[in-house]
Amino acid sequence: MEESARGDTILIIDDEEPIRDGCRQTLEKSGYAVLTAGDGPEGVRVARLSKPQLVFVDLKMPGMSGMEIIEILAKDIPDVVLIVITGYASIVSAVEAMHKGAYDYLPKPFSPDQLRAVAKRGMEHRSLKIEARLLREEKERMEKSFITFVSHEMRSPLVTVQQYMESLRALAGPRLEQAFLDILDRCSERIRCLAEMIERWLDLSRIETGLLATDKKPLRLTDVIRRSVEEMAPACERAQIGIETEAAGPEPPLCGDEESLVRVFTNLIGNAVKYTPAGGRISVRSVFDDHYIRASVSDTGSGIPADKLPFIFEPFYRVRGKAEKTKGSGLGLTFCRKIVSAHGGTIEARSDEGKGTTFLLKFPRS
Amino acid sequence: MTTKKKILLIDDDSDFLLATKLILESGGYEVFMAEDGKSGVDMAKSVRPDLAIVDMMMETWGEGFNVVSKLRASEGGKNMPLIMLSAVDLQGPLQSFEPPDESQTVNMVLHKPIMAADLLRKVETLLRYA
């Protein structure tokens, strides 16, 4: 049974009149509206004007070649499906045409049935292509607007609550007993953690929608480490933990997003501070060989139990321990891993319980 | 008796306005609030504030800069200390956002939320050197 073609428009571009007429008759019988053109320029003009769903293009024509037409139409007409008509022995050029954006080819001579089958398949391909594009666009739009929604609708109330707590402190603080002020402080701290978690979560979403770590430039990992260590030095000092860096010689450049990488290292150093008792030591090292630039962040802290180690990069996973005074977002290491893999690198952890933890990072040399 | 210094607050979040107003009042300032750019600019004309605090993101992104531009153009606004409030990470969008012209410059940008003591100290400093 012949399926109805819903009046879809097909354009035939061929310099041989008998072929144009044959195709027209066959396809019109199947319910398509058919337009024809006898040469390239005419074909491109008609296509631009009538935006057909499907175009058959003869590869060998005097003047403008079929290949040129394919290139122009693939760019100009959204969602168009291009099919090349090609002489018996020119499969090679058909393959080239498909690289340039053609979907299929029809070798000459062809029967009406073959023509109908190829046209039908082309139309089906077109529907799928459009559906896939619409879904992709919808998904992207939702992801982006969700980020905007979260960043505004979740942050603003938190900011406002924080501001109210501040006003309470400013207004009533001098009259409040220390115990009440302590409660205020605890509330503020919990809200700060929540705000922090939202920020980290937003960072993850931004990586997934390709909005973070996009600004890649040649940089030196030692500079990233130096900046991170400078930033974290006060926290180390407060916790009475020593921090040292070690770098091997003039290091080759790495193509990366400096801000994101700094945050990877500040995150790792921050973790180390959290799990290392006073008097401990953190070392940040970088080395390189012919293929990779490697870095490590080691501490002399409490370590991670072997059975927990495989999960630490999972979102919201936390190693519960007595040593943990401040609650983290549970997203820090997930963030680190995403950023590192956005640079084509890997990150892994090794740990000896009671002796310390080492995070190993490996980036391919660019 | 000294008259209180007047501060104009412009932000589209009414709770944020109130919370900030309370902080500023605890510091001895008289505070006027506006919930959108237009009424803020109108209020500046009648109140003639000594300092204004403007949220950067109202209605549209960067709306705050338009408000700043209008405040700067209004009478007495050219040298008035202006604080811009931002809820965005300063590392991000703001850094790449350039005020189109000099009329939109502010004296200070503060990141929300603002600690009470910090806000009062900065307002006092700006007013002293105004």
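Residues numbered from 1 in each chain as written. Chains lettered and ligands numbered in written order. Predicted model: local features only at pLDDT ≥ 70, side-chain atom pairs only at ≥ 80, totals over all residues. Heavy atoms only, no water.

1. A short note on the overall build of chain A
Then, in step 1: Helix and strand counts for chain A come out as nine helices and 12 strands.
Then, in step 2: Here chain A holds 366 residues, and the buried ones make up 43% of them.
Then, in step 3: Look at the contacts in chain A between residues 6 or more apart in sequence, and 70% of them connect residues 24 or more apart.
Then, in step 4: As displayed, chain A offers around 19700 Å² of accessible surface, 55% of which is attributable to carbon and sulfur atoms. (Helix = DSSP H or I, 4+ residues; strand = E, 2+ residues; numbered from the N terminus. Buried < 20%, exposed > 50% of the residue type's maximum accessible area, 1.4 Å probe, protein only. Contact = heavy atoms within 4.5 Å. Areas by Shrake-Rupley, 256 points an atom, 1.4 Å probe, with all protein chains shown as cover.)

2. Some words on the packing of helix H8 (residues 258-275) of chain A against helix H9 (residues 332-342) of chain A
Residues and elements named next belong to chain A.
Then, in step 1: Contact geometry for H8 and H9: axes closest at 9 Å, N-to-C directions at 145 degrees. Along this stretch, H8 crosses H9, giving a crossing that reads as left-handed. Only Gly 332, Leu 333, Phe 335, Cys 336, Ile 339 and Val 340 of H9 make contact with H8, whose side of the interface consists of Ser 260, Leu 261, Arg 263, Val 264, Asn 267, Leu 268 and Asn 271.
Then, in step 2: Looking at the contact of H8 with H9 residue by residue, the class counts come to eight nonpolar, four polar and one charged. (Axes fitted to C-alpha atoms, helices over the stretch in contact; angles between N-to-C directions. Left-handed = near helix turned anticlockwise from the far one by under 90°. Nonpolar A, V, L, I, M, F, W, Y, C, P; charged D, E, K, R; others polar.)

3. A few points about the packing of helix H7 (residues 221-238) of chain A against H8(A)
Residues and elements named next belong to chain A.
Then, in step 1: At a minimum axis separation of 8 Å, H7 and H8 run at an interaxial angle of 40 degrees. With respect to their mutual orientation, H7 and H8 come out oblique. Of the two possible hands of crossing, H7 and H8 adopt the one that is right-handed. For the pair H7 and H8, contact is made by Leu 221, Val 224, Ile 225, Arg 227, Ser 228, Val 229, Glu 231, Met 232, Ala 235 and Cys 236 and by Glu 258, Glu 259, Leu 261, Val 262, Phe 265, Thr 266, Ile 269, Gly 270 and Val 273, respectively.
Then, in step 2: For the contact of H7 with H8, the residue count by class is 12 nonpolar, three polar and four charged. (Parallel < 35°, antiparallel > 145°, perpendicular 65-115°, else oblique.)

4. Here's the deal with the interface of chain A and chain B
Then, in step 1: The interface is formed by 12 residues belonging to chain A together with 16 residues belonging to chain B.
Then, in step 2: Summed over both sides, the interface between chain A and chain B buries roughly 1300 Å², with carbon and sulfur atoms accounting for 63% of that surface.
Then, in step 3: In this structure, the connection of chain A to chain B is made through zero salt bridges.
Then, in step 4: Between chain A and chain B we count four residue pairs in polar contact (both at pLDDT 80 or more) in total.
Then, in step 5: Counting residues per element, the side of chain A that touches chain B draws most heavily on helix H5 (residues 112-172) of chain A, which supplies 11 residues.
Then, in step 6: Residues that form the side of chain A that touches chain B fall into these classes: four nonpolar, five polar and three charged. (Buried area = accessible area lost by both parts, 1.4 Å probe. Salt bridge = Lys/Arg side-chain N within 4 Å of Asp/Glu carboxyl O. Polar contact = N/O pair within 3.5 Å; in protein donor to acceptor, adjacent residues only side chain to side chain.)

5. Describing helix H5 (residues 116-128) of chain B
Residue and element names in this part refer to chain B.
Then, in step 1: For H5, with 13 residues, the first-to-last C-alpha span of 18 Å sits near the 18 Å given by 1.5 Å per residue.
Then, in step 2: All of the buried residues in H5 are Ala 116, Leu 119, Val 123, Leu 126 and Leu 127. For H5, the buried positions fall inside an angular range of 105 degrees around the axis, keeping them on one side. Facing away from the buried side of H5, by more than 90 degrees, are the exposed residues Ala 117, Arg 121 and Arg 128. (Expected span 1.5 Å × (residues − 1). Arc of directions from axis to C-beta.)

6. A closer look at the side chain of B:Lys112
Then, in step 1: If you trace the backbone, B:Lys112 turns up in the loop between strand S5 (108-111) and H5.
Then, in step 2: On the accessibility criterion, B:Lys112 (11% relative accessible area) is buried.
Then, in step 3: Polar side-chain contacts of B:Lys112 include one of 2.9 Å to the side chain of B:Asp11.
Then, in step 4: In contact with B:Lys112, not counting residues within four places along its chain, are A:Val159, B:Asp11, B:Phe16, B:Asp55, B:Leu85, B:Ser86 and B:Ala87.

7. Concerning the pairing of strand S1 (residues 6-10) of chain B
Residues and elements named next belong to chain B.
Then, in step 1: Across the five residues of S1, four count as buried, placing the element largely inside the fold.
Then, in step 2: As judged from the five bridges shared by S1 and strand S2 (residues 30-34), these two strands associate in the parallel manner. Paired with Leu 8 across the two strands is Phe 32, which belongs to S2.
Then, in step 3: Following the backbone out of S1, through helix H1 (residues 14-26) and into the adjacent parallel S2, one traces a crossover that is right-handed.
Then, in step 4: Sheet analysis places S1 next to strand S3 (residues 51-55), joined by four bridges and oriented parallel. By the bridge assignment for S3, Leu 9 is matched with Ile 53. (Pairing = 2+ DSSP bridges. Right-handed = clockwise from strand over helix to strand, strands pointing away.)

8. Some details on the pattern of salt bridges
Residues and elements named next belong to chain A.
Then, in step 1: For the structure on display, the rule yields 31 salt bridges over all chains.
Then, in step 2: A salt bridge links Glu 137 to Arg 133, with the shortest nitrogen-to-oxygen separation between them at 3.2 Å. Highlighted residues: Glu 137 and Arg 133, both in helix H5, separated by four residues, approximately one helical turn.
Then, in step 3: A relative accessible area of 39% places Glu 137 in the partly exposed class.
Then, in step 4: One network of salt bridges, with partners in common, ties together Glu 16, Asp 58 and Lys 108.

9. Things to note about the pairing of strand S1 (residues 9-13) of chain A
All names here are of chain A.
Then, in step 1: Among the five residues in S1, five count as buried, and that is most of the element.
Then, in step 2: Relative to strand S2 (residues 33-37), S1 runs parallel, the two sharing five bridges. Its bridge partner being in S2, Ile 10 is matched across the sheet by Val 34.
Then, in step 3: Regarding topology, helix H1 (residues 17-29) serves as the crossover connection from S1 to the parallel S2, and that connection is right-handed.
Then, in step 4: Judged from the four bridges that link them, S1 and strand S3 (residues 54-58) form a sheet pairing that is parallel.

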